[in-house]
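Read off the chains here:
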Amino acid sequence: MKGGKILTTKMHLLVCTGSACLSAKAKGIAETLREELHKNNLESQYRVIETGCIGSCELGPKIIVSPEEIMYHGLTPDDVKQIVQEHLINGQIVEKFLYEVPETGEKKATLNEISFFKNQIKIALRNCGFINPVQIEDYLATGGYQALTQVLHQMTPEQVIETVKRSGLRGRGGGGFPTGIKWELTRKSELKNKKMDTKYVICNADEGDPGAFMDRSILEGDPHSVLEAMAIAGFAIGSRQGYVYVRAEYGLAVERLDAAIKIAKRYGALGNNIFDSDFSFDIEIRIGAGAFVCGEETALMNSVMGHRGHPRPKPPFPAQKGLWNKPTLINNVETLANIPIIILKGGDWYRQYGTEKSPGTKVFALTGDINNTGLIEVPMGTTLRTIVFDLGGGIPDEREFKAAQIGGPSGGVLTREHLDIPLDYDSLLEIGAMVGSGGLVIMDETSCMVDIAKFYLDFTQDESCGKCTPCRVGTKRMLEILMRIVDGEGQEEDLEELESLSVLIKDTSLCGLGLSAPNPVLSTMKYFRDEYEAHILDRYCPAGVCNIKPKYRIDPETCTGCGLCAKVCPENVIKGEKRKPHQIDSEACKKCGLCYEKCPVGAITRGESRKHLSIGGVR
Amino acid sequence: MRVEEQNKSTKKTHPVKYKDNDLQQTVIVKDDEKYEKLDLVLDEYEDVEGSLVTVLHQAQKIFGHLSRDVQIYVAERLGVPFAEVYGVVSFYSLFTVQPRGEYTIEVCMGTACYVKGSGKILEKLKSQLGIEPGETTEDGKYTLETTRCLGACSLAPIIKIGDDVHGNITAEQISEILTKY
Ligand SMILES: Cc1cc2nc3c(=O)[nH]c(=O)nc-3n(C[C@H](O)[C@H](O)[C@H](O)COP(=O)(O)O)c2cc1C
Ligand code: FES
């Protein structure tokens with residue numbers, strides 16, 4: 001794994017204080033560690049660094065002893081005392097708190113031995129987990145603000161844009177638009193009044209996709225890299241003012257970003273005449289207020305201006321008419337975090353990772369039914385199998401992998417048959433999914449795909465801003481149908497109806513929210529059609545999630561006509577002559593299941609009849 | 001409601017009066033202290049372009065919720081129509097016009113939490129507190145809310161009570177967690 005290292009004589013004790021670890025009481029760990037160092041007169045040898053997220057969030061509060069990168073995890077304050085005593089004083093590694101490989105029980109001491117870490121290439125996350133996010137000295141020690149210095153003193157805006165184009169970096173906010181070309185377009189847009197007006201740079205940190213936390217971790221763990229990138233972008237396109245639009249739920253990110261901006265200004269990396277050049281650039285934070293559609297760029301700009309976050313049709317694109325009708329460059333947090341290192345190391349260096357059409361790396365938030373949840377950064381084109389089974393450590397409780405949801409409410413599902421396709425922009429589009437922002441929710445066989453589709457539609461329906469009819473009304477109709485299906489009241493025509501509504505909404509919606517809203521439904525219908533049919537035709541939820549009563553039937557071939565079922569039926573709805581196949585009146589049946597239990601020859605089925613047709617959703 | 005009680009106790013004898021153009025009447029504003037704080041915010045942002053959302057965030061922090069009076073006051077000071085302020089308040093789900101309980105319990109309904117069973121946790125909270133999301137218990141102690149992803153998905157399922165995040169919880173633990181508040 002590649003990560004930033006800080007050059008000082010002291011040894012470093014890294015304590016992760018990302019959001020997840022903070023809620024697992026990591027602050028107390030850092031405090032105890034400092035107290036213990038003090039008590040044992042070790043302060044001159046060790047520096048405690050409270051870092052941003054290192055990625056392996058479910059391992060709870062952890063201490064990483066640098067430079068060897070030995071990780072202790074799941075710690076309480078008492079454990080810290082033991083580590084100080086045994087490791088720092090006696091030089092013995094404390095086995096007890098080391099990472100244990102789930103299958104074999106083998107202990108692993110250093111990050112490089114743990115498959116979750118060793119399979120990663122950290123570029124956007126290069127500093128996350130290794131430096132104190134706010135202190136500028138830490139950022140400088142890893143080469144921070146060198147790119148900006150180089151840009152301001154040795155490069156022309158055209159050269160900067162050329163380098164970004166050369167890298168092939170594509171927008172990480174979901175669209176995948178080539179970043180260099182966007183910069184070039186915004187540079188070429190003319191301002192009417194060059195003296196008075198300015199273009200704008202916006203960093204999109206709205207991260208509305210539920211199940212994604214890449215941008216949050218970057219802002220919490222390495223805010224200076226985003227600020228540096230925004231200043232570089234400002235220089236490249238000719239802008240004096242930047243905004244970071246952060247969602248309100250991300251309190252810690254806002255706090256650290258705010259602190260970083262203040263420090264950067266004091267250091268001269270932001271503000272007037274940056275690093276003694278004639279370039280000036282300022283950054284303000286704008287906080288969202290809980291509307292998913294505000295992640296969409298035109299809606300976001302309305303929100304920055306203090307209005308309702310309604311999207312508007314494009315063109316004109318933000319590069320032509322953005323904030324206050326001025327040319328505006330809008331990039332995602334992760335896109336920006338890649339910029340400083342691309343400038344320093346060059347576009348070709350970046351291209352060596354990833355695939356031809358999707359160069360570089362991508363950060364994914366790995367969550368759901370998987371052993372190692374957390375943040376990972378892998379080269380574009382890595383397969384789902386590598387992510388789920390090597391980095392993710394497989395599915396817990398000896399269950400089976402069923403599907404992965406990628407791209408959030410705009411994306412789709414990947415099934416077992418997709419385990420070996422490369423995850424990059426184009427391959428995913430081909431199979432009706434998308435890279436999206438990078439949320440990757442893994443599901444085992446206990447998840448119902450119809451229920452998941454309903455979940456996403458419920459989300460988009462709720463977040464639809466209501467401006468255009470197809471999205472506002474169309475998603476509502478779709479949701480009603482899905483609700484009916486999961487309640488066991490679906491009708492045979494429902495699937496067709498869902499399909500035709502999807503096409504309509506995709507063809508006629510105003511913004512990306514509506515255009516992509518049907519995707520989760522279309523994708524689950526494509527790969528798990530049998531599950532929809534089981535719900536509708538058999539009134540049966542194969543995963544056992546939906547609360548529907550199954551439909552009982554008697555198989556005439558197997559039924560011997562013994563009459564036992566008719567005898568136990570409390571509702572008297574089973575009829576038939578002795579030794580002839582019996583029938584159930586499904587309308588009147590109260591679905592108590594007594595007949596199913598009593599039948600001596602297993603002639604009574606309840607919906608699962610078609611289950612054998614499909615294994616894991618693939619027919 | 002706690003918020004209201006506080007209002008009473010801090011009520012001073014000099015109500016702020018101003019003329020509301022939309023309503024063509026004079027509105028009397030009680031509760032000086034909070035309005036003084038709001039005034040400081042407004043002084044700072046009055047001339048900053050596009051600051052309405054920021055001001056409303058601050059106002060909600062001060063008052064706990066955005067009552068009609070507060071919205072009118074903000075509209076007046078920023079020189080924008082009340083309709084626009086109300087439009088913004090009603091658009092964003094984080095703005096609330098109802099007074100809140102002492103603690104807001106937020107149940108994350110993001111994907112990761114949903115897959116890990118946050119639905120059951122919400123059911124449990126609803127039955128235990130006897131309220132639906134968006135409502136406040138009669139004693140004014142808890143407000144129940146559902147929220148979108150809180151960005152701590154690796155600890156799913158998650159609830160947030162006030163500023164505390166509780167991760168990896170089960171419906172059975174709810175009662176015990178609530179005793180701490
Ligand atoms: C409904 C919707 C929600 C979006 N949400 C986000 C978001 O949360 N974060 C983000 O960076 N981009 C989001 N986008 C994409 C932005 O519109 C825009 O393409 C992106 O910020 C551009 O930056 P990039 O080129 O660096 O990816 C969203 C788009 C749509 C249609
Ligand atoms: S889904 Fe609940 S914190 Fe992300």
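Residues numbered from 1 in each chain as written. Chains lettered and ligands numbered in written order. Predicted model: local features only at pLDDT ≥ 70, side-chain atom pairs only at ≥ 80, totals over all residues. Heavy atoms only, no water.

Section: the site of ligand 1
Residue and element names in this part refer to chain A. The line we're drawing: For this description, a residue counts as near a given molecule or strand if any of its non-hydrogen atoms is within 4 Å of it. In protein, a polar contact requires one atom able to donate a hydrogen and another able to accept it; more generally it is a pair of N or O atoms within 3.5 Å, and residues adjacent in sequence count only if both atoms are side-chain atoms. To measure how exposed things are, a 1.4 Å probe is used in the Shrake-Rupley method; for residues, cover is taken only from the protein chains shown. Secondary structure counts use DSSP, requiring at least four H or I residues in a row for a helix and at least two E residues in a row for a strand, with both numbered from the N terminus. Classes in brief: Ala, Val, Leu, Ile, Met, Phe, Trp, Tyr, Cys and Pro nonpolar; Asp, Glu, Lys and Arg charged; the others, Gly included, polar.
Around ligand 1 there are 18 residues in total, and Gly173, Lys182, Asn331, Asn332 and Thr335 lie nearest to it. Within the contact set of ligand 1, an oxygen atom lies 2.8 Å away from a side-chain nitrogen or oxygen of lysine 182. One of the backbone N or O atoms of glycine 208 is found 3.1 Å from an oxygen atom in ligand 1. Its free accessible area being 620 Å², ligand 1 has 88% of it covered by the protein chains. Breaking the shell around ligand 1 down by element, the ones donating at least two residues are strand E10 (328–332) and helix H20 (512–516). Counting residues per element, the shell around ligand 1 draws most heavily on E10, at three residues. When its residues are assigned to classes, the shell around ligand 1 shows three nonpolar, nine polar and six charged.

What about the packing of aromatic side chains?
How two aromatic rings sit relative to each other is set out by the distance from centre to centre and by the angle between their planes. All names here are of chain A. Where we set the bar: In this analysis, rings of Phe, Tyr and Trp, with Trp reduced to its six-membered ring, are considered paired at centre separations within 6.5 Å, and the interplanar angle assigns stacked below 30 degrees, edge-to-face beyond 60, and tilted for intermediate values. Relative accessible area decides the class of each residue, using a 1.4 Å probe on protein chains only: under 20% of the type maximum gives buried, over 50% gives exposed, and in between gives partly exposed.
Following the criterion strictly, the structure yields 23 aromatic pairs over all chains and no others. Both rings, one in tyrosine 552 and one in tyrosine 596, keep their centres 6.0 Å apart while their planes meet at 65 degrees; by these two values the pair is edge-to-face. With tyrosine 552 in strand E16 (residues 552–554) and tyrosine 596 in helix H24 (residues 594–598), this residue pair connects regions lying 44 residues apart in the sequence. The class for tyrosine 552 is buried, based on a relative accessible area of 5%. Classification of tyrosine 596 as partly exposed rests on a relative accessible area of 28%.

Some details on the interface of chain A and chain B
Many authors give the size of an interface as the accessible area that is lost as the parts come together. Going by this rule: Two residues qualify as a contact provided that any one of their heavy atoms is within 4.5 Å of a heavy atom in the partner residue. Summed over both partners, buried area is the accessible surface (1.4 Å probe) that two parts give up on being assembled.
Taken together, the contact between chain A and chain B spans 48 residues of the former and 32 residues of the latter. It is Ala289, Arg308 and Phe455 of chain A in chain A that bury the most area against chain B; as a group they hold 18% of the surface buried on that side. Applying the counting criterion to the chain A and chain B interface returns 19 residue pairs in polar contact (both at pLDDT 80 or more). Among the elements that line the side of chain A that touches chain B, the one with the most residues is helix H17 (residues 449–463) of chain A, at eight residues. The class makeup of the residues in the side of chain A that touches chain B is 23 nonpolar, 14 polar and 11 charged.

Overview of the confidence of the model for chain B
All names here are of chain B. Put simply, the test is: Known as pLDDT, the predictor's per-residue confidence is scaled from 0 to 100.
The predicted model of chain B averages 83 in pLDDT, with 83% of residues at 70 or higher. When mean pLDDT is taken per element in chain B, strand E3 (residues 103–108) scores highest with 94 and helix H1 (residues 2–10) scores lowest with 41. Within the model, pLDDT remains below 50 along residues 1–15, and this stretch shows 21 contacts once partners closer than five positions in the same chain are excluded.

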